[in-house]
Amino acid sequence: MTFTRILRRTAPTRAYGVPAVLVVLVMAVFLSFPPAPASASAPASREQVPVYAYFYQWFNPTSWNRAKVDHPLAGDYSSDDRAVLRQQIGQAQSAGLTGFLTSWKSTPVLNRRLQMLLDEAGPRHFDIGVVYEALDFRRRPLPIATVRHDMVELVTRWGPQLSSRFGRPVIIWTGTQHYSVADVRRVRAAIGGRADLLASAKSAEEYRRLAAYVDGDAYYWSSANPGTAYTRRRLHDLAAAVHGHHGIWLAPALAGFDGRTLGHTRIVPRDQGQTLLKSFQDALGSRPDAVGVISWNEWSENTYIEPGHRYGRQELDALAGVLPHQHGVPPASRTSPLSTPPWTGMQAAGALAAGTLVVGAFVARRARLRSRR
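The shown structure was predicted, so the numbers you read here are calculated from the model rather than taken from an experiment.

Colleague: So, the pattern of salt bridges: which residues are in play, and what are the values?
Modeller: Under the criterion given, the structure shown has 16 salt bridges. Of the charged contacts, one joins Asp80 and Arg113 as a salt bridge, the two residues approaching to 3.1 Å between their closest N and O atoms. Residue Asp80 is located in the loop between β3 (51–55) and α3 (82–94), and its partner Arg113 is located in helix α4 (residues 108–121); the two are separated by 33 residues in the primary sequence. Between Arg157 and Glu153 there is a salt bridge, with its nearest N and O atoms 3.5 Å apart. With Arg157 and Glu153 both in helix α5 (residues 144–157) and 4 residues apart, the pair spans about one turn of that helix. One network of salt bridges, in which partners are shared, links Arg82, Arg86, Glu120 and Arg124.

Colleague: Lay out the packing of aromatic side chains with the relevant residues and their values.
Modeller: On inspection of all chains with the given rule, the structure shows 17 aromatic pairs. On the basis of an interplanar angle of 5 degrees and a centroid distance of 4.2 Å, the ring pair of Phe55 and Phe100 is categorised as stacked. Placement of the pair is Phe55 in strand β3 and Phe100 in strand β4 (residues 99–104), with a sequence separation of 45 residues. Each member of the pair, Phe55 together with Phe100, is buried. Three or more aromatic residues joined by ring pairs form one cluster here, namely Tyr56, Trp58, Phe59, Trp64, Tyr77, Trp299, Tyr304 and Tyr311. Across the ring face of Trp64, the terminal group of Lys68 is positioned such that the distance to the ring centre comes to 5.9 Å. The aromatic ring of Tyr304 is capped on one face by Arg270, whose charged end is 4.5 Å from the ring centroid.

Colleague: Can you lay out the packing of α3 against α4 for me, pointing to particular residues and giving the numbers?
Modeller: Where α3 meets α4, the axes come as close as 10 Å, and the angle between the chain directions of the two elements is 50 degrees. Comparing the axis directions of α3 and α4 gives the class oblique. Crossing of α3 against α4: the hand is right-handed. The segment α3 lies against α4, with Arg82, Leu85, Arg86 and Ile89 engaging Met116, Leu117, Asp119, Glu120 and Ala121. Tallied by class, the residues present in the contact of α3 with α4 amount to 5 nonpolar, no polar and 4 charged.

Colleague: Could you give an account of α3, naming the residues involved and the relevant values?
Modeller: The first and last C-alpha atoms of α3 sit 18 Å apart over 13 residues, in line with the 18 Å expected at 1.5 Å per residue. Where α3 is concerned, the buried positions are Val84, Leu85, Gln88, Ile89, Gln91, Ala92 and Gln93. Between the side-chain oxygen of the N-cap and the backbone nitrogen of Ala83 there are 3.0 Å, and the N-cap of α3 in question is Asp81. In the stretch just after α3, Gly96 is the one whose phi turns positive, near 95 degrees.

Colleague: Before we move on, can you summarise the pairing of β4 with the specific residues and values?
Modeller: With respect to burial, β4 is a largely interior element, 6 of its 6 residues being buried. By the alternation rule, side chains of β4 split into Gly99, Leu101 and Ser103 and Phe100, Thr102 and Trp104, which are all buried. Of the crossover connections in this fold, the one passing from β3 over α3 to the parallel β4 is right-handed. As paired elements, β4 and strand β5 (residues 127–132) share 6 bridges and run parallel to each other.

Colleague: Go over the environment of Asn225, please, and point to the residues and values.
Modeller: Note on placement: Asn225 falls in the loop between β8 (216–218) and α8 (229–244). Look at Asn225 and you get partly exposed, because its relative accessible area is 41%. Between the C-alpha atom of Asn225 and that of Ile267, which follows or precedes it by 42 residues, the distance is 9.6 Å.

Colleague: Can you tell me about the sheet that holds β4, naming the residues and giving the values?
Modeller: The strands that make up a sheet pair up through hydrogen bonds in the backbone, lying either parallel or antiparallel. Ordered by their spatial adjacency, 8 strands build a closed barrel running β3-β4-β5-β6-β7-β8-β9-β12, and the pairing between neighbours is parallel. For this sheet, the mean inter-axis angle between neighbouring strands, taken without regard to orientation, is 30 degrees. In terms of strand pairing, β5 meets strand β6 (residues 170–173) through 3 bridges, oriented parallel. Looking at β6, one finds that Val131 is bridged to Ile172. Here helix α9 (residues 274–285) sits on the sheet and contacts β3, β9 (248–254) and β12 (290–294); the angle it forms with β9, its principal contact strand, is near 160 degrees.

Colleague: Now, about the packing of α5 against helix α6 (residues 181–191): what can you tell me, with residues and values included?
Modeller: For the pair α5 and α6, interaxial distance at closest approach is 9 Å and the crossing angle is 25 degrees. By the angle between their axes, α5 is roughly parallel relative to α6. The handedness of the crossing between α5 and α6 is right-handed. For the pair formed by α5 and α6, the contact residues are Ile144, Val147, Arg148, Met151, Val152 and Val155 on the first element and Asp183, Arg186, Val187, Ala190 and Ile191 on the second.

Each value, and the rule that gives it
- Residues numbered from 1 in each chain as written.
- Predicted model: local features only at pLDDT ≥ 70, side-chain atom pairs only at ≥ 80, totals over all residues.
- Heavy atoms only, no water.
- Salt bridge = Lys/Arg side-chain N within 4 Å of Asp/Glu carboxyl O.
- Helix = DSSP H or I, 4+ residues; strand = E, 2+ residues; numbered from the N terminus.
- Phe/Tyr/Trp six-rings, centres within 6.5 Å; stacked < 30°, edge-to-face > 60°.
- Buried < 20%, exposed > 50% of the residue type's maximum accessible area, 1.4 Å probe, protein only.
- Lys NZ or Arg CZ within 6 Å of the ring centre and 35° of its normal.
- Axes fitted to C-alpha atoms, helices over the stretch in contact; angles between N-to-C directions.
- Parallel < 35°, antiparallel > 145°, perpendicular 65-115°, else oblique.
- Left-handed = near helix turned anticlockwise from the far one by under 90°.
- Contact = heavy atoms within 4.5 Å.
- Nonpolar A, V, L, I, M, F, W, Y, C, P; charged D, E, K, R; others polar.
- Expected span 1.5 Å × (residues − 1).
- Polar contact = N/O pair within 3.5 Å; in protein donor to acceptor, adjacent residues only side chain to side chain.
- Right-handed = clockwise from strand over helix to strand, strands pointing away.
- Pairing = 2+ DSSP bridges.

In structure tokens, the structure reads:
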């Protein structure tokens, strides 16, 4: 209905003694202001979506002797090297990354390294989420009592330092397909609302099985074929299941894959950085709440984007060309798909004018009624 029709319908009436045309005028001005940004289920844009990279802290100097065909420009580092960690955060921020999703389970070594990562990331306003490794080296699920203990330790000990665009720490539980609904419910009850607990389901059906007890899903698909109808359909179907239960959808984007040193046969060529950009577009097409780049430093499967001798900064430069610069920007000042910016001055003025008119009219009405008594 046009404003002219509204005006014609309401002009003969009065509201609390004030011609309704005035009320309509104020309301029309106020309603003409741009609406608030859409929620996370709206089509995603590069400026809205936080982009993380999966990160690993399992490196010792001897790690580089096994299943590696390339090595980092930083040298064959240890994950205990604080200087390397600072360099990694700086490189990630220079490419526009929001944070790392670091692999962890409770061991003395990984606990020490997680604390160091949080200490370095916090002052740099760099998000850290946790990927809880619930499978052992042979891909067998850990006992649910161990999972529960580690999750509680994580949110109790490091919860205040774990930051994310979603307001609560993000924990991705790998291997959820190996656990029963009762197991997941038990862990959910133990950590309560102290974190956003994401499953690692690979299909819509698997996600729906656990949806009542998780807050979303993060799909680690390291060997996808980007730009194909099959890849886009699979991401879309999983995203629809997650958003259908009002969950957080963390979509994957990969730089390439070559796990032949580990016995795999599949290869996804990097194509001079174009593979990552195509995969990133596939991820955005699934309307994600965040994107998880695979990976920062998985050097055995050759999915890394950390600068190395073979590819240099190829993938980081590709990301820097499409992501907003994030270096040193506090979380509150960045755009999030779940946040709404404050009203503009015009919006506030419109609201104040409308409120003042209604209140003033009400007071005048009361005064007239008293004068008639």
